[in-house]
Amino acid sequence: LSDIDFPVHEEIKEETLRRISAHITRRYHEQGYRAFYIERVIVKPDGVLEFYFNESLVSEIIISGISKSESDSLRTLLHKTGEPYNENLLKRNIASIKESRGYSNIHVNLERDEDGEIIIRGEIIKRRNVVNISIRGDAVYGTIPQVSWNRFYDWGNLLFAFYSSFDQNHAEISGATI
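Quick caveat: nothing in here was measured; it's all calculated off a predicted structure. Think of each chain on its own: its residues are numbered from 1, step by step along the sequence as written. A pLDDT threshold of at least 70 governs which residues receive local features in this predicted model, and a stricter bar of 80 or more applies before side-chain atom pairs are shown or counted, although totals over entire chains, interfaces and linings include all residues. Note that the side-chain values use all heavy atoms of the structure and ignore hydrogens as well as water.

Focus on helix α3 (residues 87-101)
- For α3, spanning 15 residues, the distance from its first C-alpha to its last is 21 Å, which sits close to the expected 21 Å at 1.5 Å a residue.
- Among all positions in α3, only Leu-90, Asn-93, Ile-94 and Ile-97 are buried. In an axial view of α3, the angular spread of the buried residues amounts to 105°, which keeps them on one side of the axis. With respect to the buried face of α3, the exposed residues turned more than 90 degrees away are Lys-91, Arg-92, Glu-99 and Ser-100.
- Here a polar contact means two N or O atoms within 3.5 Å. Within protein one must be a hydrogen donor candidate and the other an acceptor candidate, and residues neighboring in sequence count only if both atoms are side-chain atoms. Secondary structure elements are defined from DSSP: runs of H or I of at least 4 residues count as helices, runs of E of at least 2 residues count as strands, and each element is numbered from the N terminus. The distance from a side-chain oxygen at the start of α3 to the backbone nitrogen of Asn-88 is 2.9 Å, and the residue carrying that oxygen is Asn-86.
- Phi turns positive, to about 75°, at Gly-102, one or two residues after α3. Expected helix span is taken as 1.5 Å per residue step, with the number of steps being one fewer than the number of residues. Classification of residues uses two cut-offs on accessible area relative to the type maximum, computed with a 1.4 Å probe and protein chains only: under 20% is buried, over 50% is exposed, and between them is partly exposed. As used here, the arc belongs to the directions running from the helix axis to the C-beta atoms.

This is the structure we're talking about:
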């Protein structure tokens, strides 16, 4: 923050405090600390400025859409409680979890509690793929290899399923169910 332009031998004005506060806040936000804010600034009689920050610590992580044991292990991978909320870190962790665990998506909502701390609510959408390879007989075409593909998305108590298949004669999407 040494690059902040601060008039050393001048009277401290409200405009100067706003500019400095905006500069500090922008720096935190650029580093991913998007929930950071300055609560207040006090100008002491000797001209010293006291800035009171709220770094917005993560107080709680709630995960739904998966079993309790799975969500317990996932909480620490998503973000650590007791540390300042960092959006960049959360996005990297979500991408890593989706890739390593095969989840279709992770929806995240943020809330502030009464102390100004962050509650992360995550909802997991699972993805399961099933591939069937079969050989069937046909009076006209003889033996026909067939591949069918099913993709399932678990979202809480809902299951979305998509079915498709193809062989040497045709390809089709046979259905989808909820």
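Resuming the write-up.
Here's the deal with the pairing of strand β1 (residues 37-43)
- Pairing between β1 and strand β2 (residues 49-54): six bridges, direction antiparallel. Paired with Arg-40 across the strands is Tyr-52, a residue of β2.
- Only when DSSP finds a minimum of two bridges between them are two strands counted as paired. The turn joining β1 and β2, which pair antiparallel and follow one another in sequence, is formed by five residues; a positive phi near 90° is taken by Gly-47.

Concerning the nonpolar core
- Counting 16 residues, the largest nonpolar core has Ile-63, Leu-74, Leu-78, Tyr-85, Tyr-103, Ile-120 and Ile-124 as the members making the most contacts within it.
- At the level of elements, β3 (58-64), α2 (68-78), α3, β4 (103-112) and β5 (118-138) are the ones that each hand at least two residues to this core. In this text, buried Ala, Val, Leu, Ile, Met, Phe, Trp, Tyr and Cys residues form a nonpolar core when linked through side-chain atoms within 4.5 Å.

Here we look at the environment of Arg-18
- Inspection of the secondary structure assignment puts Arg-18 in helix α1 (residues 14-30).
- For Arg-18, a relative accessible area of 56% corresponds to the exposed category.
- With 23 residues separating them along the chain, Arg-18 and Val-41 place their C-alpha atoms 9.4 Å apart.

Describing the pattern of salt bridges
- Salt bridge, as used here, is a side-chain nitrogen of Lys or Arg placed within 4 Å of a carboxyl oxygen of Asp or Glu. In total, this model carries seven salt bridges according to the counting rule given.
- Across the salt bridge formed by Glu-87 and Arg-34, the nearest N and O atoms sit 3.5 Å from each other. Remark: Arg-34 occurs in the loop between α1 and β1 and Glu-87 occurs in helix α3; sequence separation between them is 53 residues.
- Here Arg-75 makes a salt bridge to Asp-72, at a shortest N to O gap of 2.5 Å.

Let's talk about the packing of aromatic side chains
- Aromatic rings from Phe, Tyr and Trp, with only the six-membered ring used for Trp, were paired whenever their centres fell within 6.5 Å, and each pair was classed as stacked if the ring planes differed by under 30 degrees, edge-to-face if by over 60, and tilted otherwise. By the definition in use, this model includes five aromatic pairs.
- Measuring from centroid to centroid gives 5.9 Å for Tyr-28 and Phe-53, while their planes differ by 65°, and the two rings are edge-to-face. One end of the pair, Tyr-28, is in helix α1; the other, Phe-53, is in strand β2, with 25 residues separating them in the sequence.
- The exposure class assigned to Tyr-28 is partly exposed, which follows from its relative accessible area of 23%.
- Residue classification places Phe-53 among the partly exposed positions, given a relative accessible area of 34%.
- With centroids separated by 6.4 Å and ring planes inclined at 45°, the aromatic side chains of Phe-51 and Phe-53 adopt a geometry described as tilted.
- Using a relative accessible area of 23% as the deciding quantity, one classes Phe-51 as partly exposed.

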